[in-house]
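A closer look at the structure
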Amino acid sequence: MWSLNYAAGIGFAMMTQSGYATAINGVTTSNGFMVRLSEYGWGTNTSFGIECRCSKEVGVTASLSWLNSFISQDLEKYNIPANFDRNKTTGISRLSIDIGIKLHL
């Protein structure tokens, strides 16, 4: 027996970046403090999957999913130069392909 599944959604997206400061007040340093920046936006996801039931308890499954987020950057907050293209948005895109064996208990 074959079964198909699909899903789609839209929601809140958050991106956090961490790192160490390489300069403090314009002076290069090797032991800068930890910096953690978070930006927010919205995201979408879609997925499609198929499963072939080999028996009542076991199935072979495959799925494909796509996750995408749209996050606008606060360029003044990070002192980005004025000649930088300010119409840019950033985000994360992820394509996931999963194949496996599913046990139905």
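Preceding this section is the structure that the text describes.
Throughout what follows, the structure given in this document is the object of discussion.

Details of the packing of aromatic side chains
Overall, the coordinates contain two aromatic pairs when judged by the stated rule. Both rings, one in Phe12 and one in Tyr40, keep their centres 5.7 Å apart while their planes meet at 25°; by these two values the pair is stacked. A residue pair is termed long-range when its members are at least 10 positions apart, and Phe12 in strand S1 (residues 2-20) and Tyr40 in strand S4 (residues 34-53) qualify at 28 residues. The exposed category is assigned to Phe12, whose relative accessible area is 64%.

Describing the pairing of S4
It is a general feature of regular strands that their side chains alternate between the two faces of the sheet. As judged from the 19 bridges shared by S1 and S4, these two strands associate in the antiparallel manner. What sits directly across from Met15, in S4, is Glu39. Where S4 folds back on strand S5 (residues 58-72), the antiparallel hairpin that results is connected by four residues.

Overview of the environment of Ser47
Position of Ser47 relative to the elements: it lies in strand S4. The sequence separation of Ser47 and Leu95 amounts to 48 residues, and the corresponding C-alpha distance is 9.7 Å.

A short note on the pattern of salt bridges
Counting across every chain of the model gives two salt bridges. Across the pair Glu51 and Arg53 runs a salt bridge, and its minimum N-O distance is 3.8 Å. Glu51 serves as the salt-bridge partner of Lys102, at 3.8 Å between the closest nitrogen and oxygen. With Lys102 in strand S7 (residues 93-103) and Glu51 in strand S4, this pair connects stretches of sequence that are 51 residues apart. Salt bridges here are not isolated pairs; linked through shared partners, they connect Glu51, Arg53 and Lys102.

Things to note about the side chain of Thr61
Inspection of the secondary structure puts Thr61 in strand S5. According to the relative accessible area criterion, Thr61 is buried, its value standing at 19%. From its side chain, Thr61 meets the backbone oxygen of Ile50 in a polar contact 3.3 Å long. Leaving out residues up to four positions away in the same chain, Thr61 has contacts with Ile50, Glu51, Asp98, Ile99, Gly100 and Lys102.

Details of a nonpolar patch on the surface
On the surface, Trp2, Leu4, Tyr6, Phe48 and Ile50 cluster together into a nonpolar patch covering about 650 Å² of accessible area. Looking at the nonpolar patch, the elements that each hand over two or more residues are S1 and S4. Among the elements that take part in the nonpolar patch, S1 stands out by supplying three residues, more than any other. When you line up the elements, Trp2 lands in strand S1. Exposure remark for Trp2: the relative accessible area of 62% places this residue in the exposed category.

Regarding the environment of Gly91
Tracing the chain through its elements places Gly91 in the loop between strand S6 (89-90) and S7. Taking the relative accessible area as the measure of exposure, Gly91 reaches 35% and is therefore partly exposed.

Parameters and conventions
- Residues numbered from 1 in each chain as written.
- Predicted model: local features only at pLDDT ≥ 70, side-chain atom pairs only at ≥ 80, totals over all residues.
- Heavy atoms only, no water.
- Phe/Tyr/Trp six-rings, centres within 6.5 Å; stacked < 30°, edge-to-face > 60°.
- Helix = DSSP H or I, 4+ residues; strand = E, 2+ residues; numbered from the N terminus.
- Buried < 20%, exposed > 50% of the residue type's maximum accessible area, 1.4 Å probe, protein only.
- Pairing = 2+ DSSP bridges.
- Salt bridge = Lys/Arg side-chain N within 4 Å of Asp/Glu carboxyl O.
- Polar contact = N/O pair within 3.5 Å; in protein donor to acceptor, adjacent residues only side chain to side chain.
- Contact = heavy atoms within 4.5 Å.
- Patch = residues over 30% accessible without salt bridge, like charges linked within 9 Å, V, L, I, M, F, W, Y side chains within 5 Å.
- Areas by Shrake-Rupley, 256 points an atom, 1.4 Å probe, with all protein chains shown as cover.

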